[in-house]
Amino acid sequence: MEIYNTLTKKKEEFKPVNPPNVGIYVCGPTVYDFFHIGNARSFVMADIMQRYLRYKGYKVKFVMNLTDVDDKIIKKANEEDVEASVIAERFTNAFFEDIEKLKIKKADVYPKATGHIKEILELIKKLEINGIAYNTGGDVFYDVHKFKEYGKLSGKKLDDLEAGARVEVNDKKHNPLDFALWKSAKEGEPHWSSPWGEGRPGWHIECSAMSMKHLGETFDIHAGGHDLIFPHHENEIAQSEGVSHKPFVKYWVHFGFLNIKNEKMSKSLGNFFTARDVIKRFSAETIRLLFSQAHYASPLNFSDELLTSAQKGLEKITNFVQTINNKLDKAEPDGNYPEFIIQTYYDKFEQAMDDDFNSPKAVAVIFDLIKNVNKILSEDEQWGSNFYEDILDFLNSTAEAVLGIIQEPVSASESTNETVDKLLDLLVQIRTKAKKEKLYEFADQIREKLSELGFTLVDTKDGTEIKK
RNA sequence: GGCGACGUAGCCAAGUGGCUUAAGGCGAAGGUCUGCAAAACCUUUAUUCGUCGGUUCGAAUCCGACCGUCGCCUCCA
């Protein structure tokens, strides 16, 4: 398979450092607030990537960090007059609640910055020994001029950066582009002791420390939003390679923004919806289908109109799954098999996903299958159960296991009980009789009232079906 | 100012030199089925890929100019 690598600016054959193991590190949230639906896009697409790599048989170690010490957390803590850890814990919990609702698989490790102070200090010490970091009165900075390859990820040149520097002036820095590895403690901030005095880590160093600790000095995939390319990921490379003198990451993957009216959704612009609010109105599957229908690296406009359109698409999938399940219930094990080769759909699905996780194409394969199978079903012939099983197996291993877009049928025990089922059956029987006697108004009334209660009656050739 | 990305039907979106006289989803129009619905099926919905030039036997796909949109260069997924 091929993956587009930001570092080389082209698609490259994916060759893990140590197959079949694959190490993935994704920049996770700073836990100072609920994450918005734009953040959710990155998390969902990273989830689909790791699910697909597992589908391919790789042994994936998926690491997502939680930044739990940072200016914004401290600011909020001071506003509420609580410890920073209180804020961090609150939004860490919220983060886990929200990703679960989005059907995002748990990472193997969720390292926290505050849990890796020792590793962070080790790294800074080594950078200091290598002459790359300098200490000015308790603040330690990275000297970007000491790393020859600085700018290789973002394609920026130091001269250009300096020319357009909008970085705030800081007398302590040798160069405006130097960045903080360690910040000396200020009043009302969490702090740890270090060789340079009390302080806290800079933002970039935690990711170098935690990714190398959990995945080694060179690992396979490092992913994050497009806005992290510079300076965050650029700095991570400088820090990590400045110590290890080895390539830090083989494949850099960056997610396109979720836009609102063509503008990047962001907290600072204020044009955002929290993921939790969107999940209240649309299902995880709808959101995941919407994201899957665009390539992960392209910008995607977000609107209710698009969500509704995805919801309609999802209904098509859900109806189909229900139809196949109903057919399977009535099918004979040794029935006929239609002229249909399921393998071609697996092949096409894999071809699509192998091409830099082309999920829109993969989704198209799934819709193609639905259309073609529906066509076969409309021929009104009975097929053997292995046909329906093949279809369900395909959907489970692709649409669900990789993309996560198959809705769980509401289990009978949750929504109803046996008595309700019997009463429903009774009503359906009465309605069927009414229909036979052409009492259509009465029959429609039953259908309407039940629909209001959440039960949809559908008349088919084989009788009336109840959808809950 | 520097660097970069993008512009495909009413909307979203694949396709990056011949397999495509452009996938898939949503929407719209007509039809089949049905007592009616719903679902499903069939047909129609871009001779054309921002504009203008160029390269090529051949371009949405390569090159150039122009127009437009967005992003990064400060925290941001």
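Residues numbered from 1 in each chain as written. Chains lettered and ligands numbered in written order. Predicted model: local features only at pLDDT ≥ 70, side-chain atom pairs only at ≥ 80, totals over all residues. Heavy atoms only, no water.

For helix 15 (residues 418–436), with 19 residues, the first-to-last C-alpha span of 27 Å sits near the 27 Å given by 1.5 Å per residue. Buried within helix 15 are the following residues: Leu424, Val428, Arg431 and Ala434. Down the axis of helix 15, the sector holding all buried residues measures 120°, keeping them to one side. Along helix 15, exposed side chains directed more than 90 degrees from the buried face belong to Glu418, Thr419, Lys422, Gln429, Lys433 and Lys436. Structurally, helix 15 contributes buried residues whose contacts are with helix 16 (440–452), strand 14 (456–460) and strand 15 (463–467). Downstream of helix 15 by a residue or two, lysine 438 has a phi angle that is positive, lying close to 60°. (Helix = DSSP H or I, 4+ residues; strand = E, 2+ residues; numbered from the N terminus. Expected span 1.5 Å × (residues − 1). Buried < 20%, exposed > 50% of the residue type's maximum accessible area, 1.4 Å probe, protein only. Arc of directions from axis to C-beta. Contact = heavy atoms within 4.5 Å.)

Once that is clear, we can look at the sheet that holds strand 10 (residues 249–255). As summarised here, the arrangement of the four strands in space is 4-3-9-10, forming an open sheet in which the pairing is parallel. Of all strands in the sheet, those bounded by a partner on one side alone are strand 4 (59–64) and strand 10. Neighbour-to-neighbour, the strand axes of the sheet open up by a mean angle of 20°, direction not taken into account. For strand 9 (residues 219–225) and strand 10, the ladder comprises six bridges, and the chain directions are parallel. Within strand 10, the residue paired with phenylalanine 219 across the bridge is valine 249. (Pairing = 2+ DSSP bridges. Axes fitted to C-alpha atoms, helices over the stretch in contact; angles between N-to-C directions.)

What follows is about the protein's contact with RNA strand B. By nearness alone, 57 residues border RNA strand B, and Lys72, Trp203, Gly225, Leu228 and Lys375 come closest of all. Restricting the count to atoms of RNA strand B within 4 Å of the protein gives a sugar and phosphate share of 63%. Lysine 156 has a polar side-chain atom sitting 3.2 Å from a base oxygen of RNA strand B. One nitrogen or oxygen atom from the side chain of asparagine 358 is found 3.0 Å from a phosphate oxygen belonging to RNA strand B. (Near = heavy atom within 4 Å. Polar contact = N/O pair within 3.5 Å; in protein donor to acceptor, adjacent residues only side chain to side chain.)

Attention now moves to the nonpolar core. Grouped together as the largest cluster of nonpolar side chains are 85 residues, with contacts concentrated most on Ile37, Leu53, Leu369, Ile391 and Leu395. Broken down by element, this core gets its largest block of residues, 10 residues, from helix 1 (residues 37–55). Looking at which domains feed residues into this core, each of domain 1 (2–281) and domain 2 (312–403) supplies at least three. In this view, leucine 53 contacts Met1, Phe14, Val22, Ile24, Tyr58, Val60, Ile221 and Phe357; residues no more than four positions away in its chain are not counted. (Core = buried A, V, L, I, M, F, W, Y, C linked by side-chain atoms within 4.5 Å. Domains from an automatic or database assignment.)

On to the pattern of salt bridges. Counting across every chain of the model gives 30 salt bridges. The salt bridge partner of aspartate 33 is lysine 267, with a shortest N-O separation of 4.0 Å. Linking aspartate 33 in the loop between strand 3 (21–26) and helix 1 with lysine 267 in the loop between strand 12 (263–264) and helix 8 (275–281), this pair joins segments that are 234 residues apart in sequence. Judged by its relative accessible area of 23%, aspartate 33 falls in the partly exposed class. Judged by its relative accessible area of 23%, lysine 267 is partly exposed. (Salt bridge = Lys/Arg side-chain N within 4 Å of Asp/Glu carboxyl O.)

Each pair of packed helices can be summarised by the angle the axes make with each other and by the distance between the axes. With their axes 12 Å apart at the nearest point, helix 1 and helix 11 (residues 342–354) run at an angle of 130° to one another. It follows from the interaxial angle that helix 1 and helix 11 lie oblique. In this structure, the crossing between helix 1 and helix 11 has a hand that is left-handed. For the pair helix 1 and helix 11, the contacting residues are Ile48, Tyr52 and Tyr55 in the first and Tyr346, Phe349, Glu350, Met353 and Asp354 in the second. Of the residues that constitute the contact of helix 1 with helix 11, the class distribution is six nonpolar, no polar and two charged. (Parallel < 35°, antiparallel > 145°, perpendicular 65-115°, else oblique. Left-handed = near helix turned anticlockwise from the far one by under 90°. Nonpolar A, V, L, I, M, F, W, Y, C, P; charged D, E, K, R; others polar.)

What follows is about the environment of isoleucine 104. Positionally, isoleucine 104 belongs in the loop between helix 3 (84–101) and helix 4 (117–129). Put simply, isoleucine 104 and aspartate 47 are 57 residues apart on the chain and 5.9 Å apart in space, counted from C-alpha to C-alpha. Ignoring any residue separated from it by four or fewer positions in sequence, one finds isoleucine 104 in contact with Phe43, Val44, Asp47, Ile99 and Arg288.

A separate point is a negative patch on the surface. On the surface, a cluster of negative charge is made up of Glu379, Asp380, Glu381 and Asp462. Within the secondary structure, aspartate 462 is located in the loop between strand 14 and strand 15. (Patch = residues over 30% accessible without salt bridge, like charges linked within 9 Å, V, L, I, M, F, W, Y side chains within 5 Å. Areas by Shrake-Rupley, 256 points an atom, 1.4 Å probe, with all protein chains shown as cover. Lys, Arg positive; Asp, Glu negative; His and termini not counted. Charge placed at Lys NZ, Arg CZ, Asp CG, Glu CD.)

Another point: the pairing of strand 9. Burial of strand 9 is extensive: seven of the seven residues sit out of reach of the surface. In this sheet, strand 9 lies alongside strand 3 in parallel orientation, the contact comprising three bridges. Of the residues in strand 9, the one forming a bridge with isoleucine 24 is isoleucine 221. Note that the unit made of strand 9, helix 7 (residues 229–244) and strand 10 has a crossover that is right-handed. (Right-handed = clockwise from strand over helix to strand, strands pointing away.)

Where nonpolar side chains cluster on the molecular surface, the patch consists of Leu423, Leu426, Leu427, Ile430, Leu439 and Phe442 and spans about 500 Å² of accessible area. Looking at the nonpolar patch element by element, the count peaks at four residues for helix 15. Examined against the element boundaries, leucine 426 turns out to sit in helix 15.

The sheet contact formed by strand 14 and strand 15 spans five bridges and is antiparallel. Looking across to strand 15, one finds that leucine 457 is bridged to isoleucine 466. Here strand 14 folds back onto strand 15 in antiparallel fashion, the turn holding two residues.

The next thing to look at is the side chain of arginine 431. As for its placement among the helices and strands, arginine 431 is situated in helix 15. Given a relative accessible area of 2%, arginine 431 falls into the buried group. Not counting residues within four places of it along the chain, the set of residues in contact with arginine 431 comprises Ala443, Ile446, Arg447, Leu457, Asp459 and Thr464.

Let us now look at the side chain of arginine 200. Within the fold, arginine 200 resides in strand 8 (residues 199–201). A distance of 3.0 Å separates a polar atom in the side chain of arginine 200 from a polar atom in the side chain of glutamate 189. Excluding residues that lie within four positions of it along the chain, arginine 200 makes contacts with Val69, Asp70, Asp71, Ile74, Trp182, Lys183, Glu189, Pro190 and Trp192.

Our next topic: the domain arrangement of chain A. Partitioning chain A into structural domains gives domain 1 (2–281), domain 2 (312–403) and domain 3 (412–467). The C-alpha centroid of domain 3 is placed 55 Å from the C-alpha centroid of domain 1.

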